[in-house]
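Tertiary structure, described
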Amino acid sequence: MVLVSGHGGKKNAEDSVAVDFRGQPADKSRTGGWLAAGLILVTELSERICVMGISMNLVTYLVGNLNLASAKSATIVTNFLGTLNLLGLLGGFLADAKLGRYLTVAISASVAALGVFLLTLATTIPSMRPPECTQVRRQHHECVAATGNQLALLYAALYTIAAAGGGIKSNVSGFGSDQFDTSDPKEERKMIFFFNRFYFFISIGSLFAVIVLVYVQDNVGRGWGYGISAGTMVIAVAVLLCGTPFYRYKKAQGSPLTVIWRVMILAWKKRKLPLPSHPSFLNGFHEAEVPHTHRLRFLDKAAIVDENDEKEGNKNNYSSWLVSSVTQVEEVKMVIKLIPIWSTGILFWTVYSQMTTFTVEQATFMNRKLGSIEIPSGSLSSFLIITILLFTSINEKLIVPAARKLTGNVQGLTSLQRIGIGLVFSIVAMVAAAIVEKERRNHALRNPSLKLRAFWLVPQFFLVGAGEAFAYVGQLEFFIREAPERMKSMSTGLFLSTLSMGFFVSSFLVLIVDKVTKKTWLRSNLDMAKLDYFYWLLAVLGVLNFTLFLILASRHQYKVQQNLNPNNESGEKEKELVSASELIIGVDGKEEA
């Protein structure tokens, strides 16, 4: 989907035409299609292998090798993941405003390869680690933690990967979909299958990372595990570049973020002007592509034409820097209307982040043997991914068709209903996690030589995975459907920022809890800690958050509801647009996982 930043909000059809690498109109027989899309999918596969291979097992390295406290280790991991998702907004902005998707993905993948190479060095150079600590010394808190100098290279590597990952995540799926012409029915059907295969590649990459790479990291060496990740990124860059002559490209046409802040600034500058007696006096009212609404009316002032505008601009063709159009103002209103629901989705990802930190650390204190094989702690995350795959299939084959019959709604479950179900699963997951952790600690204190089986952690992985299958799809679908048509890519970035804030909130909660409890809840030795209290805290916050979500969701009016009315001439057009995009949205639920 191409985004346009234009005068009066109109698309530039010429810029939206796909071109080849020479800048000429793309020859459909020689460019695009499955060959080009398949080469692009290799980049996403490599990104998933790198990020999942790092995030799902990093906490064990920080605690076990660098001798950092559990709370600090969890914060490092969640800050890394939060930054990666937050920088998806920057990656999308750069691609839309200047670089285009191809250059952004190519540069980001190259930087990611460099970042993983630095991480390989940080985990293999002996001087980058403190002296080894025995289990006895660890129990008596006598271990020497890594110093700031030893952590410097690790931080540089992680945040290099985060910057690159954000650029890949926000653009690779869009670049892949650019290889299909949606005006051609045959190619549009292929694009729907592209999103299915995109999701399949994400899952395969994640499973490979948590099963194979985590095993290599724990049993062969961190350097080998991260070295394999670096190698996959180098191969991905080479494959991407080799496909340059075969891709279709869309020119960068400006970021919608520019439209948003310009409307806000103009509304502030004109805040003292009185609103006109009728909205038809606003700039571009009769040509508006989005019906005017009466909510957030202070933003309408950005579309008021005053005396200064008439002096500096041409009549009926004012610069967007002088006065906004009704279309632009209404699009900004739509984005602002997403913020309340956006805020209630954050806590789900705070719960999810525990699966990459404390739950993995719990596993290190449990019996992970399966016959003669000891399963790496991070590999237990495979239950999370398998559950996501399972429930995604169940949703598509059973739940949605059943809900469609019961409600008569074409979607089956609305996006807000999906989000609500996901939030409920996250609350139950934290209750289960608290119960299991209390039993694990009591068992360890009663029988120090006999550890509780690690498979007791499966329920919390299962519940969070089931919740993600609903919440992820629901949140992304909500932002895609409810955002303005020209701001679809930015809405994906807004969704990624929900994940980001969830990880940052986790870091903040860990910091606050650690200080308030004077390091009694989140000790490195979980047998002496009270991690179950922290899980109960998340469950209580989840209930409060779910209550707020129900209030906000009950008041939310879907875009289709407000646009489809007898007096809205564009209603039927909007209805057709939604119907045509329904299939794509249905399979696009996991596109930025």
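See the structure printed just above.
Residues numbered from 1 in each chain as written. Predicted model: local features only at pLDDT ≥ 70, side-chain atom pairs only at ≥ 80, totals over all residues. Heavy atoms only, no water.

**Quick word on helix H15 (residues 382-407)**
Here H15 is 26 residues long and its end C-alpha atoms lie 35 Å apart, about the 38 Å a rise of 1.5 Å per residue gives. Along H15, the sharpest kink reaches roughly 50°, centred on Asn395. Looking one or two residues past H15, Gly408 carries a phi angle of roughly 80°, positive in sign. (Helix = DSSP H or I, 4+ residues; strand = E, 2+ residues; numbered from the N terminus. Expected span 1.5 Å × (residues − 1). Bend = angle between axes of the 7 residues up to and from the residue.)

**Concerning the nonpolar core**
Within the largest apolar cluster, 127 residues are counted, with the highest numbers of intra-cluster contacts made by Leu62, Tyr247 and Phe534. Excluding anything up to four places from it in sequence, Leu62 contacts Asn67, Leu68, Ser73, Ile76, Val77 and Leu154. Membership of the second largest hydrophobic core comes to 14 residues, among which are Val259, Leu266, Val329 and Val332. (Core = buried A, V, L, I, M, F, W, Y, C linked by side-chain atoms within 4.5 Å. Buried < 20%, exposed > 50% of the residue type's maximum accessible area, 1.4 Å probe, protein only. Contact = heavy atoms within 4.5 Å.)

**Here's the deal with the side chain of Lys333**
The topology assignment puts Lys333 in helix H12 (residues 326-344). The buried category is assigned to Lys333, whose relative accessible area is 0%. A polar contact of 3.0 Å, which involves the side chain of Lys333, links it to the backbone oxygen of Arg295. Aside from chain neighbours lying at most four places away, what touches Lys333 is His292, Thr293, Arg295, Leu296, Leu299 and Asp300. (Polar contact = N/O pair within 3.5 Å; in protein donor to acceptor, adjacent residues only side chain to side chain.)

**Some thoughts on the packing of aromatic side chains**
In this structure the tally under the stated criterion is 22 aromatic pairs. Measuring from ring centre to ring centre gives 5.2 Å for Phe175 and Tyr247, while their planes differ by 65°; the resulting arrangement is edge-to-face. Here the residue Phe175 occupies a position in helix H7 (residues 172-177), and Tyr247 occupies one in the loop between helix H9 (222-242) and helix H10 (256-269), the gap between them amounting to 72 residues. Owing to a relative accessible area of 0%, Tyr247 belongs among the buried residues under this scheme. Here the aromatic rings of Trp521 and Tyr533 are separated by 5.4 Å at their centres, their planes lie at 85°, and the arrangement is edge-to-face. Of the two residues, Trp521 is situated in the loop between helix H18 (488-516) and helix H19 (531-555) and Tyr533 in helix H19; the sequence distance between them amounts to 12 residues. Judged by its relative accessible area of 21%, Trp521 falls in the partly exposed class. Across the ring face of Trp268, the terminal group of Arg271 is positioned such that the distance to the ring centre comes to 3.9 Å. (Phe/Tyr/Trp six-rings, centres within 6.5 Å; stacked < 30°, edge-to-face > 60°. Lys NZ or Arg CZ within 6 Å of the ring centre and 35° of its normal.)

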